[in-house]
Amino acid sequence: MHCTVQKHRPGAFRVACLLLGSLVAACSGGGPAPLEGSAFDVERYDLRGEFDWERGRLVATLGITLSITGDGPRSVVLDSAVAEVKEVRQQGGGALPHAIDRSRGALAVDLSSVPGATRGEPIAIEIDYEALSGEALRAVPARLGDPVAVRAVYTVSEPLGASLWMPCHDAPADRALFSVSMRVDGGEAMIANGDLVVDEDLGASGHLVRYETAYPLPTYLMAFAIGDFEVERGAKGDLPIAVWRRRGLPGDHGEMVDELARAIGRFEELLVPYPFEKYALVLLPDFSAGGVEHAGISFQREERSTQPALASDLLLTTHELAHQWFGDLVTVETWDDLWIKEGMATLLEQEGVRAYTDESRAGTLNGDELGLQGGDAVRDPALAPDDKYTSGPYGRAAWLLTQIRSLAGEEAFWSALRGVLEAHRFGSIGTDEFLDAFAPALGPEATARARRAVAARELPSLAVEAAPSGGAFVTLRDPEGALVAPLELAWIAGDGLARVQTLAPGERVEVAPARPSELLVVDPQDRHPEWAFLGAERDIEAYAALVAPLRVPSDPDGVSRFLDLAGAHQLAALQDGLPEGLAPDQLDAFVDDLDGEAARAVALAAACDAAGAPGLDVKVRDAWSRVLTDALTAAPYSYGLDYVGSYAACDAVLSPEALFAEDWAALETGLASGGVSDARLLFLSKFRLPPERALLAWGKVALASSSVRARVLAIRHLTAYLEGLDPAALPAWRAFFAGVLGATDVADVLGADLRAVAASAAPTAAGNAEALAGLTRVLRSRAARSVHPAAVCTAFALTAGDGPAFARFVAGLAGAELTAPAAALLRSPAHCR
């Protein structure tokens, strides 16, 4: 606890202590009942300062304009976990009494001496302070092993991190204007919310950069980033669009600008016009999250945001872009309502890529793309804000919204959302009011089901058992009412007509074709992630054996009907293989007619499986070899690569080592100057080389590539070889992964390598001496602090239960500047999971 009083008048010390209530006893040894600060509203934050790289601190002055809105003492309590508050004063006046409670992360300011405080008039105060770099104020220096040796500092505030770098009222529903003015070095630039209003040359001192917003924001959306950035610029009409990245970072940044313009256009069709003055995608190093939205700017991980041809990159990018409407234009009332913004962004991200997944514009609803887990509620008030980021507010919330969409219909659903955005523009909304927006379209019964589903934890389940007909008996159970819309099955007959079965909860339904030619379509609207309803292993196996094959056509007429289906259904079916009897010479036409890049990429993997089937006629196998050679040497279906586990089955009919000889030769150079795109490397990683050649080629990439992303991919790919590796070869692989620990401080590379080190470990601590030495170096590196906890747990695993060996490891870290979580794990390594 720390109390600071800087206006010396009788009773000032006591007043400042009373402001924090819990500090009364500590400050005065007892006394009257504790007082709390009054309710207040912040009108604006004006931040000015600079980042001190030598000390790892933001040195700043914050101007806050606020009004007291409640009864009680003329005092306010701000959220503040900054390192040091030097002075609090009235703007243009004297110092104000204040008190700090570090345990609560609070700063109390006595405003009783300020004229107008009792009348609720605006009050302008200034706070001089310093904030330490850490999780919310990330300072990434030029690091060992980083091919882009450029430092960057940036903020990451959601949900409650803003108070770590700026005293504030850190509540999502409290919006204020924001400006940030920073002195930056001459070769660096700053990007922040709002308009760039000042960029003043300060000569040898660098330059002063200032941004300010014309609209209010909650503090978690206020952000800035500083570094030596390159900028790729474009526009959609009058809207500036840009991709900012550290100078020299490789990637298809111009194509990303084009994809952003296209996605903005799609979201404007569905919602309302884009609400801010610009959109900037900022790619940052050592970024703990995949991406974080801020008004007008989104921060994303470098290694997940440079290849718009890949589904992983584009979906992350469209997700963060979608938050400009839900999260930024309209945010949530409380963190319990997190699901509104995250569920909407998860739903909208798929709309942003529909051009790649639904070329026929069938309008399916992307249910199969949603990731969710049992036990995660859409809305869970029992969880603290930092703990709410489960699958509940994301995939499960998007599933709820998708069910609502299917019942309301397209026009009513999007019209309701447009109404929400207009009615709450630059404001907030809570759960009840958000669900109320759909009530007119849903009716009372469906609305009640939706409200029940918000709190449900348990997922529906499908029990599957064999039926005498050769099909299956399927029983749907929904114990907590998570289903808002029914789960249906459609059977497409040879004449194109469909019959529909509804799986009502608790009813045992026979799933079997009425005629041999019928084709099964599970969940025709694709509004459910039905795969998530298969929890028990026996049901998964029975579904795969008895139900899934019914989705794949078994005759030429069935193929024609299959190609008329939406891409989502084609993709789901092709996971189980090609249509029965599809000949090699039919593959090209079949793949071309599929409805999306993902289905095409998966179809090639299924063709590899077909080509390697045991007992295949030699001539047929040769035909598959020719067809697949042509297909795989053509431009790959890049967007679909994330849906493909491997093309290794193609080894039965072709030699990847020979087929891509030029690529492997390029990899063996290390790619220090590029030459092979990251998207191409992902394609190549779907094949397997002989282990010795793989370690040579991919090992060079892991150590020398100009792309961090490529280095991470190379390590992950090599890790996959460890299972089944000849034990005689393992020491060389173990030494390689241990060597990486001494060659880099890049968190993403180290994170991948730590898993490889653990997977290749020797059975004794002595056999892991080289890796343990490397882990000691990592734990002594401040630049690698974000992986310190994982490094401790890896060391604990490598000592293999040898207590004295782990004790020697801990002793070797004496004097190291460890993160608090890492230090705690060193004391209690049993907490490693």
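Residues numbered from 1 in each chain as written. Predicted model: local features only at pLDDT ≥ 70, side-chain atom pairs only at ≥ 80, totals over all residues. Heavy atoms only, no water.

Let us look at the overall build of the protein chain. A count of helices and strands for the protein chain gives 27 helices and 28 strands. Its C-alpha atoms put the protein chain at 100 × 65 × 55 Å along the principal axes. Considering the protein chain as a whole, with its 833 residues, one finds that 58% of them fall into the buried category. A fraction of 70% describes how many contacts in the protein chain between residues 6 or more apart in sequence connect residues 24 or more apart. Of the roughly 31,400 Å² of accessible surface on the protein chain, a fraction of 52% belongs to carbon and sulfur atoms. Of the side chains in the protein chain, 71 bear a positive and 114 a negative charge, and the two mean positions are spaced by 5 Å. (Helix = DSSP H or I, 4+ residues; strand = E, 2+ residues; numbered from the N terminus. Buried < 20%, exposed > 50% of the residue type's maximum accessible area, 1.4 Å probe, protein only. Contact = heavy atoms within 4.5 Å. Areas by Shrake-Rupley, 256 points an atom, 1.4 Å probe, with all protein chains shown as cover. Lys, Arg positive; Asp, Glu negative; His and termini not counted. Charge placed at Lys NZ, Arg CZ, Asp CG, Glu CD.)

Counted under the stated rule, the structure contains 57 salt bridges. Of the charged contacts in the structure, one is a salt bridge between Arg151 and Glu188, with a shortest N-O distance of 2.9 Å. Here Arg151 is found in the loop between β9 (137-140) and β10 (152-155), whereas its partner Glu188 is found in the loop between β11 (177-184) and β12 (189-192), with 37 residues between them in sequence. For Arg151, a relative accessible area of 25% gives the class partly exposed. (Salt bridge = Lys/Arg side-chain N within 4 Å of Asp/Glu carboxyl O.)

The subject of this paragraph is the state of the cysteines. Counting across every chain of the model gives two disulfides. Covalent S-S linkage joins Cys608 and Cys650, the inter-sulfur distance amounting to 1.6 Å. Linking Cys608 and Cys650, the disulfide has an S-S dihedral of approximately -50° and is accordingly described as left-handed. Within this pair, whereas Cys608 is found in helix α15 (residues 597-611), its partner Cys650 is found in the loop between α16 (618-633) and α17 (656-659), the two being separated by 42 residues in sequence. Put simply, Cys793 and Cys832 are joined by a disulfide, and their sulfur atoms are 2.1 Å apart. The sign of the S-S torsion, about -85°, decides the handedness of the disulfide formed by Cys793 and Cys832: left-handed. Within this pair, whereas Cys793 is found in helix α25 (residues 788-798), its partner Cys832 is found in the segment after α27 (820-827), the two being separated by 39 residues in sequence. Comparing Cys793 with Cys832 shows no difference in burial state: the two are buried. (Disulfide = S-S within 2.5 Å.)

On the secondary structure map, Ile404 appears in helix α7 (residues 392-408). Linking Ile404 and Ala295, residues 109 residues apart in sequence, is a C-alpha distance of 27 Å. Apart from the residues lying within four places of it in its own chain, the contact partners of Ile404 are Phe413, Leu435, Phe438, Leu442 and Ala450.

Read from one edge to the other, the open sheet built from five strands follows the order β16-β17-β18-β20-β19, with strand pairing classed as mixed. Two strands lie at the open edges of the sheet, namely β16 (229-236) and β19 (291-294), each paired on one side alone. Taking each pair of neighbouring strands and ignoring which way they run, the sheet shows an average axis angle of 15°. The pairing of strand β18 (residues 279-284) with strand β20 (residues 297-301) spans five bridges and is parallel. Considered in β20, the bridge of Leu284 is made with Arg301. (Pairing = 2+ DSSP bridges. Axes fitted to C-alpha atoms, helices over the stretch in contact; angles between N-to-C directions.)

Looking now at the sheet that holds β9. Pairing in this open sheet of four strands is antiparallel, and the strands run β9-β10-β15-β12 from one edge to the other. Every other strand in the sheet has two partners, leaving β9 and β12 as the edge strands with one partner each. With strand direction ignored, the average angle separating the axes of adjacent strands in the sheet is 10°. Of the pairings in the sheet, the one linking β12 to strand β15 (residues 224-227) comprises four bridges and is antiparallel in character. Its bridge partner being in β15, Met190 is matched across the sheet by Ile226.

Put simply, helix α21 (residues 708-719) and helix α23 (residues 747-759) touch, their axes get as near as 9 Å, and they point 10° apart. Classed by the angle they form, the pair α21 and α23 counts as roughly parallel. Note on element contacts: α23 touches α21 through Asp748, Val749, Ala752, Asp753, Arg755, Ala756 and Ala759, opposite Val708, Arg711, Val712, Ile715, Arg716 and Thr719. Among the residues making up the contact of α21 with α23, the classes are represented as seven nonpolar, one polar and five charged. (Parallel < 35°, antiparallel > 145°, perpendicular 65-115°, else oblique. Nonpolar A, V, L, I, M, F, W, Y, C, P; charged D, E, K, R; others polar.)

Another point: the nonpolar core. One finds Leu111, Trp165 and Phe434 to be the most contacted residues of the largest nonpolar core, which totals 156 residues. The dominant element in this core, judged by the number of residues it contributes, is helix α3 (residues 253-270), at eight residues. With residues near it in sequence (within four places) discarded, Phe434 still touches Phe326, Trp339, Ile340, Met344, Leu401, Leu417, Val420 and Ile429. The next biggest cluster of nonpolar side chains, apart from the first, holds 104 residues, and it includes Tyr637, Leu682, Leu689 and Val749. (Core = buried A, V, L, I, M, F, W, Y, C linked by side-chain atoms within 4.5 Å.)

Turning our eyes to something else, we now look at the packing of aromatic side chains. Enumeration over the complete set of coordinates arrives at 33 aromatic pairs. Both rings, one in Tyr356 and one in Tyr639, keep their centres 5.2 Å apart while their planes meet at 15°; by these two values the pair is stacked. With Tyr356 in helix α6 (residues 354-357) and Tyr639 in the loop between α16 and α17, this pair connects stretches of sequence that are 283 residues apart. Note on Tyr356: relative accessible area 24%, which makes it partly exposed. Ring centres of Phe413 and Phe438 lie 5.5 Å apart, and the angle between their planes is 15°; this geometry places the pair in the stacked category. (Phe/Tyr/Trp six-rings, centres within 6.5 Å; stacked < 30°, edge-to-face > 60°.)

Angle between the axes and distance between the axes: these two values describe a pair of packed helices. Following both chains from N to C, one finds α15 and α16 inclined at 155°, their axes separated by 10 Å at the closest point. When the axes of α15 and α16 are compared, the pair comes out roughly antiparallel. For α15 against α16, the interelement crossing comes out left-handed. Contacts from Leu604, Ala607, Cys608, Ala610 and Ala611 in α15 reach Arg621, Trp624, Leu628, Ala631 and Leu632 in α16. Taken together, the residues of the contact of α15 with α16 sort by class into nine nonpolar, no polar and one charged. (Left-handed = near helix turned anticlockwise from the far one by under 90°.)

Counting through the fold element by element, Leu503 comes out in strand β26 (residues 498-503). Through-space distance from the C-alpha of Leu503 to that of Leu487 is 5.6 Å; in sequence the pair is 16 residues apart. Other than its neighbours up to four places away in sequence, Leu503 contacts Leu462, Val474, Leu476, Leu487, Leu489 and Val509.

So, about the side chain of Gln403. Inspection of the secondary structure puts Gln403 in helix α7. A relative accessible area of 0% means that Gln403 is categorised as buried. Of the polar contacts made by the side chain of Gln403, one reaches the backbone nitrogen of Val484; its length is 2.6 Å. Other than its neighbours up to four places away in sequence, Gln403 contacts Ala482, Leu483, Val484, Ala485, Arg527 and His528. (Polar contact = N/O pair within 3.5 Å; in protein donor to acceptor, adjacent residues only side chain to side chain.)

An α-helical turn contains 3.6 residues, so a residue and the one three or four places further along point in the same direction. Within the sequence span of helix α26 (residues 803-811), burial applies to Ala805, Phe806 and Phe809. Projected down its long axis, α26 carries its buried residues within an arc of 95°, all on one side. In α26, the exposed positions angled more than 90 degrees off the buried face are occupied by Pro804, Arg808 and Ala811. Each element contacted by the buried residues of α26 is listed here: α24 (769-779), α25 and α27. (Arc of directions from axis to C-beta.)

This brings us to the confidence of the model for the protein chain. Residues at a pLDDT of 70 or more form 96% of the protein chain, whose mean pLDDT is 93. This stretch, residues 1-35, has a pLDDT under 50; its non-local contacts, to residues over four places away or in other chains, come to 79 contacts. (pLDDT = per-residue confidence, 0-100.)

What follows concerns α27. Within α27, burial applies to Ala822, Leu825 and Leu826. In a view along the axis of α27, the buried residues occupy a sector of 105°, so they form one face of it. Facing away from the buried side of α27 by more than 90 degrees, the exposed set consists of Ala820 and Arg827. Contacts from the buried residues of α27 go to α25 and α26.

Most of strand β24 (residues 472-477) is tucked away, with five of its six residues classed as buried. One ladder, built from six bridges, connects strand β23 (residues 461-466) with β24; its direction is antiparallel. Each bridged residue has a counterpart across the sheet, and for Ser461 the counterpart in β24 is Arg477. Here β23 hands over to β24 after five residues, with Gly470 in that stretch at a positive phi of 100°. As paired elements, β24 and strand β27 (residues 508-511) share four bridges and run antiparallel to each other. Bridge pairing in β27 links Ala472 to Val511.

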